[in-house]
Amino acid sequence: MTRFTPYLFSLMLLFVAACGGGSDQQTEEQATDTQAQATEQTDDVRTIEAIGIDRMKFVVKGDKEGITTGKKMGDYVLLKSITAAPGEKLRFRLLTESDLPASAMAHNFVLLVMDADAAAFADAAGKARDNDFIPTDTKLKDQIIAHTDLAAGGETVEITFTAPEETGEYEYICSFPGHYASGMKGILKVEE
Ligand SMILES: [Cu+2]
């Protein structure tokens, strides 16, 4: 490591000499940096990296602060709940792991308002195949706080949303037919 330092140092000097005085080149480099950051999404939004599996569950790779996990599911563990502060910005990213065709196996993430009847919602959503299992009925649509698109095998979808200000428990589900009933659901716990 040490033997490279003088070399790096002279490179830095060269760089400073070349770009001194806020040249156009420097501005251009800064612009490129900003672009790269946007692509990589290196923002400070907490991201829940979930996987949807054929056993119709939301799972994660392991325990992490801000989530609770349950039993082992193959290489993963069951994602049971997410804890968030009121108004906290969160990102839910969902990868579907499946070899089945999209018509047979796809997943989404639908976060519902506190007083929603999740079972009734899932039932109605399961019939909205033409709309990727998101109900078009206004009364049902109004029960959605945030949702992703459907992710078929190998696909990743994500949604960035703000946790409600009101503390309490909010259920989230996968609205693909039958998945809620099979346990593809969890709770967003909003706590001070
Ligand atoms: Cu699902």
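What counts and what doesn't
Residues numbered from 1 in each chain as written. Predicted model: local features only at pLDDT ≥ 70, side-chain atom pairs only at ≥ 80, totals over all residues. Heavy atoms only, no water. Helix = DSSP H or I, 4+ residues; strand = E, 2+ residues; numbered from the N terminus. Buried < 20%, exposed > 50% of the residue type's maximum accessible area, 1.4 Å probe, protein only. Areas by Shrake-Rupley, 256 points an atom, 1.4 Å probe, with all protein chains shown as cover. Donors = N, O, S within 2.8 Å, 3.2 Å for Na, K, Ca; no water. Tetrahedral: all angles 85-135°; square planar, octahedral: opposite > 155°, others 65-115°. Contact = heavy atoms within 4.5 Å. Pairing = 2+ DSSP bridges. Phe/Tyr/Trp six-rings, centres within 6.5 Å; stacked < 30°, edge-to-face > 60°. Lys NZ or Arg CZ within 6 Å of the ring centre and 35° of its normal. Salt bridge = Lys/Arg side-chain N within 4 Å of Asp/Glu carboxyl O.

1. Side note on the overall build of the protein
Inference 1: Broken down by element type, the protein carries 4 helices and 12 strands.
Inference 2: Taken over 192 residues, the protein has a buried fraction of 37%.
Inference 3: When the accessible surface of the protein is summed, it comes to about 11500 Å², and 52% of that surface belongs to carbon and sulfur atoms.

2. Here we look at the coordination of the copper ion
Inference 1: Within the protein, the copper ion binds to His107 (ND1), Cys174 (SG), His179 (ND1) and Met184 (SD); these donor distances fall in the range 2.0 to 2.5 Å.
Inference 2: Around the copper ion, the 4 donor atoms are arranged such that angles at the metal cover 84 to 132°; this shape is classified as irregular.

3. Here's the deal with the environment of leucine 78
Inference 1: Tracing the chain through its elements places leucine 78 in strand β4 (residues 76-84).
Inference 2: Residue leucine 78 is classed as buried on the basis of its relative accessible area, which comes to 17%.
Inference 3: When the C-alpha positions of leucine 78 and lysine 61 are compared, they lie 8.8 Å apart, and in sequence the two are 17 residues distant.
Inference 4: For leucine 78, the residues in contact, after removing those within four places along its chain, are Lys57, Phe58, Val59, Thr68, Thr69, Gly70, Lys71 and Met73.

4. Here we look at the pairing of β4
Inference 1: β4 sits mainly inside the fold: 7 of its 9 residues count as buried.
Inference 2: Of the pairings in the sheet, the one linking strand β2 (residues 57-60) to β4 comprises 2 bridges and is antiparallel in character. Bridging from a neighbouring strand, valine 60 pairs with valine 77 of β4.
Inference 3: With 5 bridges joining them, strand β3 (residues 67-73) and β4 adopt antiparallel strand pairing. Note on β4: the bridge partner recorded for methionine 73 is tyrosine 76.
Inference 4: From the end of β3 to the start of β4, which pair antiparallel, there are 2 residues, and glycine 74 there has a positive phi angle of about 60°.
Inference 5: The pairing of β4 with strand β12 (residues 185-190) spans 4 bridges and is classified as parallel.

5. Brief notes about the packing of aromatic side chains
Inference 1: Applying the stated criterion to the full structure yields 7 aromatic pairs.
Inference 2: Against the face of tyrosine 180 rests lysine 185, its NZ or CZ located 5.1 Å from the ring centre.

6. A short note on the environment of valine 59
Inference 1: With respect to the helices, strands and loops of the structure, valine 59 is situated in strand β2.
Inference 2: Once residues within four sequence positions are removed from consideration, valine 59 is found in contact with Glu49, Ala50, Ile51, Ile53, Met73, Tyr76, Val77, Leu78 and Leu79.

7. Structural notes on the pattern of salt bridges
Inference 1: Per the counting criterion, the structure on display carries 5 salt bridges.
Inference 2: Glutamate 88 is the partner of arginine 46 in a salt bridge, and the nearest nitrogen-oxygen pair spans 3.1 Å. Here the residue arginine 46 occupies a position in strand β1 (residues 46-53), and glutamate 88 occupies one in the loop between β4 and β5 (89-96), the gap between them amounting to 42 residues.
Inference 3: Take arginine 46: its relative accessible area is 22%, and that puts it in the partly exposed class.
Inference 4: Here glutamate 88 falls in the partly exposed class, since its relative accessible area comes to 22%.
Inference 5: Of the charged contacts in the structure, one is a salt bridge between aspartate 123 and lysine 127, with a shortest N-O distance of 3.8 Å.
Inference 6: When its relative accessible area of 66% is taken as the criterion, lysine 127 is described as exposed.

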